[in-house]
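Next come the chains, spelled out residue by residue.
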Amino acid sequence: MVEKVYYSYLDIHKMCQNSCREIETKFNADVILAIGGGGLIPARMARTVLKKPIYVVSLSVYDKNDNLLETPKVVQWLDFSMFSKDTKFLIIDEVDDTRKTLSFLLNKLKNEEHINGANIGVFVLHNKKKDKFITNEDLNINLYYAGKEIEDKWIVYPWDRTYCKKTLL
Ligand code: 5GP
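Quantities reported herein were computed from a predicted structural model and do not represent experimental measurements.

What follows is about the packing of aromatic side chains. Any pair of aromatic rings gets described here by the distance separating the centres and the angle formed by the planes. Under the defined criterion, the tally for this structure stands at 9 aromatic pairs. Aromatic pair Tyr6 and Tyr163: ring centres 6.3 Å apart, planes at 45°, arrangement tilted. You can see Tyr6 sitting in strand β1 (residues 4-6) and its partner Tyr163 sitting in helix α5 (residues 161-168), a full 157 residues away along the chain. Judged by its relative accessible area of 29%, Tyr6 falls in the partly exposed class. Ring geometry for Phe80 versus Phe89: centroids 5.8 Å apart, planes at 65°, classification edge-to-face. As far as the burial class goes, Phe80 and Phe89 line up, both buried. Aromatic rings pair up to connect Tyr55, Trp77, Phe80, Phe83 and Phe89 into one cluster. Its end group placed over the ring of Tyr144, Arg99 keeps NZ or CZ at 5.2 Å from the ring centre. The ring of Trp77 carries Lys108 above its face, with NZ or CZ at 4.6 Å from the centroid.

Calculation criteria
Residues numbered from 1 in each chain as written. Predicted model: local features only at pLDDT ≥ 70, side-chain atom pairs only at ≥ 80, totals over all residues. Heavy atoms only, no water. Phe/Tyr/Trp six-rings, centres within 6.5 Å; stacked < 30°, edge-to-face > 60°. Helix = DSSP H or I, 4+ residues; strand = E, 2+ residues; numbered from the N terminus. Buried < 20%, exposed > 50% of the residue type's maximum accessible area, 1.4 Å probe, protein only. Lys NZ or Arg CZ within 6 Å of the ring centre and 35° of its normal.

This is the structure we're talking about:
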């Protein structure tokens, strides 16, 4: 059985607020780019501090039976031609696990005209300390910020169904 660790909405709010106050001093994002679905609620919380508009790209790394996909699937993409070449993006996701999703997204973004690593920051609530799909250096971005570094356990977020099961017992 994989060990689980639970975080409440209050934990996540506090983490988002503290992290975003620090991020603001390092990286002046023009827009928040949430990775749907996991990054949606953290992005909304982050907006209360950063006060930037939220855009969404939606990716899936699990199929409908919760099996891990070889390559993440693009559920929804954005028309990046609406942004100027100087736009700075703060990508937000809930957790950096194997980093497959993040590396896939960064590769895809860097194929977009005008977008380069200097204009990209990443904020994840949690980074799991484990072997990654690509190293921090190979991310080649302006900022990588994790609210908390944690051991390789399964995180149950307050928006996960299993969180209700646990807390209603
Ligand atoms: P990756 O392995 O690509 O870094 O993470 C892919 C996605 O798997 C994450 O964005 C997240 O949705 C999901 N995931 C990975 N680890 C966890 C976890 O511990 N808890 C939850 N709730 N989702 C996770």
